[in-house]
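Structural overview
One-letter residues, chain by chain:
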Amino acid sequence: MTVEQNVLQPGGAAKHQQTFLNQLREITGINDIQVLQQALKDSNGNLELAVAFLTAKNAKVPQLEEATYYQTALPGNDRYISVGSQADTNVIDLTGDDKDDLQRAIALSLEESNRAFRETGITDEEQAISRVLEASIAENKASLKRTHPEVWSDSPNPYDRKRQDNCPVGLKNVGNTCWFSAVIQSLFNLLEFRRLVLNFNPPANAQDLPRNQKEHRNLPFMRELRYLFALLVGSKRKYVDPSRAVEILKDAFKSNDSQQQDVSEFTHKLLDWLEDAFQIKAEEERDGEKPKNPMVELFYGRFLAVGVLEGKKFENTEMFGQYPLQVNGFKDLHECLEAAMIEGEIESLHSENSAKSGQEHWFTELPPVLTFELSRFEFNQALGRPEKIHNKLEFPPILYLDRYMHKNREITRIKRDEIKRLKEYLTVLQQRLERYLSYGSGPKRFPLVDVLQYALEFASSKPVCTSPVDDLGASAPASGTLPAQTSPSTIEQQGPSSSDVPSTSPVQRSVIHKPFTQSRIPPDLPMHPAPRHITEEELSVLEGCLHRWRTEVENDTRDLQESISRIHRTIELMYSDKTMVQVPYRLHAVLVHEGQANAGHYWAYIYDHHQHRWMKYNDISVTKSTWEELERDSFGGYRNASAYCLMYINDKEQYLIQEEFNKETGQILVGMDTLPSDLRDYVKEDNKRFEKELEEWDAELAQKAQQEKLLSQIPRAPAPSPAPVQAGEPEYLEQPSRTDLSKHLKEDSVQAINKALAEQEDRGPEAIMDTAIKLEYTRLLKLAQEDPPPECDYRLRHAIVYFIQNQAPKKIIERTLLEQFGDHNLSFDERCRNIMKVAQAKLEMIKPDEVNMEEYERWHQDYRNFRETTMFLMVGLEFFQKKSYMEALLYLIYAYQNNKELLSKGPYRGHDEELISHYRRECLLKLNEHAAALFESGDDQEVNNGLIIMNELIVPCLPLLLVDEMEEKDIVAVEDMRNRWCSYLGQEMEPNLQEKLTDFLPKLLDCSTEIKGFNDPPKLPSYSTHELCERYARIMLSLSRTPADGR
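Residues numbered from 1 in each chain as written. Predicted model: local features only at pLDDT ≥ 70, side-chain atom pairs only at ≥ 80, totals over all residues. Heavy atoms only, no water.

**Details of the overall build of the chain**
Counting secondary structure elements, the chain contains 36 helices and 19 strands. Across the 1047 residues in the chain, those meeting the buried criterion constitute 48%. Restricting the contact set of the chain to residue pairs at least 6 apart, pairs at least 24 apart contribute 75%. Looking at the chain as shown, the accessible area adds up to about 54100 Å², and 50% of this sits on carbon and sulfur atoms. (Helix = DSSP H or I, 4+ residues; strand = E, 2+ residues; numbered from the N terminus. Buried < 20%, exposed > 50% of the residue type's maximum accessible area, 1.4 Å probe, protein only. Contact = heavy atoms within 4.5 Å. Areas by Shrake-Rupley, 256 points an atom, 1.4 Å probe, with all protein chains shown as cover.)

**What about the packing of aromatic side chains?**
Here the structure, examined in full by the defined rule, presents 33 aromatic pairs. Here the aromatic rings of Phe 879 and Tyr 891 are separated by 5.8 Å at their centres, their planes lie at 35 degrees, and the arrangement is tilted. Of this pair, Phe 879 sits in helix 29 (residues 853-881) while Tyr 891 is found in helix 30 (residues 885-903), placing the two residues twelve residues apart along the sequence. Residue classification places Phe 879 among the partly exposed positions, given a relative accessible area of 21%. We classify Tyr 891 as buried; its relative accessible area is 9%. (Phe/Tyr/Trp six-rings, centres within 6.5 Å; stacked < 30°, edge-to-face > 60°.)

**Some details on the packing of helix 29 against helix 30**
Remark: helix 29 packs on helix 30, axes separated minimally by 8 Å, with the N-to-C direction vectors making an angle of 150 degrees. In terms of axis orientation, helix 29 runs roughly antiparallel to helix 30. Between helix 29 and helix 30 lies a crossing whose hand is left-handed. On helix 30, the residues that touch Asp 862, Asn 865, Phe 866, Glu 868, Thr 869, Phe 872, Leu 873, Val 875, Gly 876, Leu 877, Phe 879 and Phe 880 of helix 29 are Tyr 885, Glu 887, Ala 888, Tyr 891, Leu 892, Tyr 894, Ala 895, Asn 898, Asn 899 and Leu 902. A class-by-class count of the residues in the contact of helix 29 with helix 30 yields 14 nonpolar, five polar and three charged. (Axes fitted to C-alpha atoms, helices over the stretch in contact; angles between N-to-C directions. Parallel < 35°, antiparallel > 145°, perpendicular 65-115°, else oblique. Left-handed = near helix turned anticlockwise from the far one by under 90°. Nonpolar A, V, L, I, M, F, W, Y, C, P; charged D, E, K, R; others polar.)

**Some thoughts on the pattern of salt bridges**
Per the stated rule, a full pass over the model turns up 38 salt bridges. Where salt bridges share partners, they join Arg 223, Glu 224 and Arg 244 into one cluster. (Salt bridge = Lys/Arg side-chain N within 4 Å of Asp/Glu carboxyl O.)

**Quick look at helix 31 (residues 913-937)**
Over its 25 residues, helix 31 runs 36 Å from end to end, which matches the ideal 36 Å to within 8%, given 1.5 Å per residue. At the N-terminal end of helix 31, a side-chain oxygen is found 3.1 Å from the backbone nitrogen of Glu 914, two or three residues along, and the residue is Asp 912. Once helix 31 finishes, Gly 938 follows within two positions and takes phi at roughly 85 degrees, a positive value. (Expected span 1.5 Å × (residues − 1). Polar contact = N/O pair within 3.5 Å; in protein donor to acceptor, adjacent residues only side chain to side chain.)

**Focus: the sheet that holds strand 7 (residues 358-365)**
Within the open sheet, the three strands sit side by side as 5-4-7. Their pairing is antiparallel. Across the chains shown, the open sheet's two edge strands, defined by having one partner strand only, are strand 5 (312-320) and strand 7. Taking the axes of each pair of neighbouring strands and ignoring which way they run, one obtains an average angle of 20 degrees across the sheet. Of the pairings in the sheet, the one linking strand 4 (residues 301-309) to strand 7 comprises seven bridges and is antiparallel in character. (Pairing = 2+ DSSP bridges.)

**Side note on the side chain of Lys 616**
For Lys 616, the location among the structural elements is in strand 14 (residues 613-618). A relative accessible area of 12% means that Lys 616 is categorised as buried. Setting aside chain neighbours within four positions, we find Lys 616 in contact with Trp 603, Ala 604, Tyr 605, Ser 621, Val 622, Thr 623, Ser 625, Glu 629 and Asp 633.

**A closer look at the UniProt feature "coiled-coil region" (unreviewed entry) in the chain**
Here the UniProt-annotated "coiled-coil region" (unreviewed entry) positions come out as residues 680-707. Taken as a whole, residues 680-707 contains 100% helix and 0% strand, while its terminal C-alpha atoms sit 40 Å from one another. (UniProt positions renumbered as here; feature names shortened; annotations may be inferred.)

**Observations concerning unusual backbone geometry**
Notably, Asp 165 is not glycine yet its phi reads approximately 50 degrees, a positive angle. Within the secondary structure, Asp 165 is located in the loop between strand 1 (152-153) and strand 2 (170-171). A residue is classified by how much of its surface remains accessible, and Asp 165, at 73% relative accessible area, is exposed. Even without a glycine there, the phi angle at Gln 807 is positive, about 55 degrees. For Gln 807, a relative accessible area of 71% corresponds to the exposed category.

**Points about the side chain of Arg 376**
Mapped onto the elements, Arg 376 comes out in the loop between strand 8 (369-375) and strand 9 (377-380). A distance of 3.2 Å separates a polar atom in the side chain of Arg 376 from the backbone oxygen of Phe 635. Here the side chain of Arg 376 touches Ala 643 through a polar contact of 3.0 Å, landing on its backbone oxygen.

**Section: the nonpolar core**
Counting 97 residues, the largest nonpolar core has Phe 803 and Trp 981 as its most contacted members. Sort the elements by how many residues they give to this core and helix 29 lands first, with eleven residues. Those residues within four positions of Trp 981 in sequence are excluded, and the remaining contacts are Asn 928, Ala 931, Ala 932, Phe 935, Leu 947, Met 950, Leu 997, Phe 1000, Leu 1001 and Leu 1004. (Core = buried A, V, L, I, M, F, W, Y, C linked by side-chain atoms within 4.5 Å.)

**Description of the environment of Tyr 644**
Within the secondary structure, Tyr 644 is located in strand 16 (residues 641-650). A residue is classified by how much of its surface remains accessible, and Tyr 644, at 6% relative accessible area, is buried. Taking the C-alpha atoms as reference, Tyr 644 lies 8.6 Å from Phe 372; in sequence the two are 272 residues apart.

**Topic: helix 32 (residues 940-954)**
Owing to its 3.6 residues per turn, the α-helix aligns residues three or four sequence positions apart on the same side. The end-to-end C-alpha distance of helix 32 is 20 Å, a good match for the 21 Å that 15 residues give at a rise of 1.5 Å each. Within helix 32, burial applies to Val 943, Gly 946, Leu 947, Ile 949, Met 950, Asn 951, Glu 952, Leu 953 and Ile 954. Where helix 32 is buried, its residues meet helix 30, helix 31, helix 33 (958-962), helix 34 (968-982) and helix 35 (991-1005). Capping the start of helix 32, Asp 939 holds a side-chain oxygen 3.2 Å from the backbone nitrogen of Gln 941, two or three residues further along.

**What about the confidence of the model for the chain?**
Where the model shows low pLDDT, its predicted coordinates should not be examined in detail. Confidence along the chain averages 74 in pLDDT terms, with 69% of residues attaining 70 or more. The least confident element of the chain, judged by mean pLDDT, is helix 4 (residues 66-71) at 34; the most confident is strand 11 (residues 398-400) at 94. Across residues 57-153, confidence stays below pLDDT 50; counting only partners more than four residues off in sequence or on other chains, it has 240 contacts. In this model residues 478-523 is a low-confidence stretch, pLDDT under 50, and it forms 35 contacts with partners more than four residues away in sequence or in other chains. (pLDDT = per-residue confidence, 0-100.)

**Quick notes on the pairing of strand 8**
Summarising burial for strand 8: six of the seven residues are buried, a large majority. Sheet analysis places strand 8 next to strand 16, joined by five bridges and oriented antiparallel. Counterpart to Thr 371 in the pairing with strand 16 is Met 647.

**Overview of the packing of helix 32 against helix 35**
Interaxial distance between helix 32 and helix 35 falls to 11 Å at its minimum, and their mutual angle equals 5 degrees. On the basis of the axis angle, helix 32 is roughly parallel to helix 35. Each of Asp 940, Val 943, Asn 944, Leu 947, Met 950 and Asn 951 in helix 32 lies in contact with helix 35, whose residues at this interface are Asn 992, Leu 993, Lys 996, Phe 1000, Lys 1003 and Leu 1004. Looking at the contact of helix 32 with helix 35 residue by residue, the class counts come to six nonpolar, three polar and three charged.

Following this line, the structure appears as structure tokens:
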């Protein structure tokens, strides 16, 4: 929502000319608002015709420049005055003959909108919001037509979708609608805006047939927005579905485009629709007075444009909503605002007119909710498309706007002049400091203080009386390139080569150094260059001068640095006096975009004014956050994420965030109590449906539990002897139960019994059993205490080893040993059968209060999970080594997830998390490269196969890598995969490939860390304990012989 003046006709039909101007700026790359406005005027508002005017061969920038530019701000002129900085060097030259690049840009930008206009007759303005509204809901419907099932699906367990305590409710992404969620959540958390929407009553005549298209569109949308806000207030669901509200947006316009919507453009349209809806109500209720629109009161402000044109002053007041700011070339928000407020003066510096000209903007009335639209896109002429600006831009949590207010313009002008003077002086000081820090006239420069120090070190070095070349020449062959060896007498006769060395200096002959035959440097050869001859008197004078000069340079450098710091501090504090901190605006929400100009994902950071903390709203995920996380994701310069929209609120207007109170009791109203009766009933009905879903789930679980209990009570026949297993690959079966595992322990039990019989042959079965259990426990305890190599994991050999290492209760271990010796597999001979019966009798004697059977079952279930995790890991690594990455991925995913759950209970419950994480990450990276190679091939079938790999294997797995922000390697891997695909945005490709890439990238760039449920896990082979240990050792040994690829 921007200026309300019409660029074409006073009070005319094209109400929102800023949309046209933004589109023209993006298509043509022209940032001169005068040229864009003139083109719109000459084309009578036809966007296509305006582009044609601007791209005509002779469409040079008009020479009237200032005359026309400043005419827009003359009194009585209702034409729009730009509120954004036009400083941009990357613009299209319209004066040249070659326009191929520009024509491609126009085609890319207008192709869809023109086709839709010809087919439906819908205006360009309407197409601006309809670019992807149809896709927002149709995305879900289209997914039903896919031939390949998704790897992830919503959890069927409704408890996974249940709201926890009073945690804020999320919004489901119903197909490229992250922009919708980010904007709606930011507005919903403005309590005054929430109250306006919830308490909106449709006009009385709304029951009749709507009078025009606006009523037909806006009133139903307002109704659905009320329902949506009500669910966000009182729903028992973790997140709610906004499809019905988005459906209204989709149905309002007809378009086949499936791009992702722009946040600022959607915010503009959303508030525009709400303004129209409230205007209908206001006009109905007015009583002879001009109706007040609460949306205008909340989001609109006014500024005064003042300036001088050839000595003539002018003033003009304009209304604004979202305030656009240029990002490129600025380091913080105040610099952006300063450039936007004095843009006229900036442009006048380049004017050929010698007369004084310029204009300033001053806020006369600020809205309670002030929204800044950060322009992070620039037009790339070579590629014919916009590109995102990733530069860092800082913004404060509290923004003081006093310096931009009209009432403070005199003092602000004085301070601006003072800052200008200080910055000029600062530039001079920095240039002087640079001469000290980068001294020299050649390409390489050094700090002057270091140069003096080096000179001092050289002068102070031990003098030598011969040339280093002469020393080398003494050992060089006669035919070599070095001078021939000279006799000692000749050396003495020649003396020093330097004419300025005193003849009184003693001449000494140095030992000859042979560089090719000696491996040690002679002790008298200096490590650094040194003077040939220097007297004590010369050295003393030189050292004194160098020390003095070095001290002077150090003092000068320190004084310059301190002066620069003082000036920086003075500039920073220029607006800190009490008179300039009276208009504080607090940061309420930051809408973040990650990705590139034509693809990406939005989420929002919103400040909880009552809990005094930041919250991150990322579609269905709502989590606590920090200012540090917001800085990292919003300032820019870190990966591809940066703020695109900033929402500030007047910190003195507490009604914006104040809770409602009961007029009778004075108590704060919360939750459902804040809703009107009709919405309260609506939410109650939805909660009843969800509660019924929970009850049906509970009933289903109870029925399953009852069936399992009945089955467990049915007497089981003795298990038949296992049939011999054929050699070869094992059959894929369900994971064996504890009884099945105990069959593998028969050999261990028999060995313990034989040892006990050998020690106590004359004793009875009970004593022999006790001895056998002690022997078996001793053996297992020894295994548990050993520190084996990675390929030997003794936990796989026996559950008791696992229990001991994880400090299981003694009763759990004792009962497990009794079950081992009471197993039916020991009934093969008389002695073992007697011991088996004794063990079974002791098991029956254990009272329920002696061993917690629920805990006992949990321990054994954990051990079964450990073995299952081991098999997932083992099979996944085997596939990985065979380079069967698609098969390996799901095994490694399950291995990591199960292992993470085990490790949450104790450090020895699972395997090395870093190892599993490494191969999971490598598997994804290799699949990503394979999919990218298929995409690059250009073949339709291979391109589709590559996108299937991405959509069904990689994209669903990315939340698993992003959920733990401490895993930096995983985050870097995700960025590498995303950058691999984002790199295609700047490349020429076939239109069908471009379309597929545009459809796919938002899914890849979705930053949601919401982990969805798995489909059925892959089936595992049934291994005996011996087979499992053997194959595990084999795969781990092979890994130790393979380079770890940086692990």
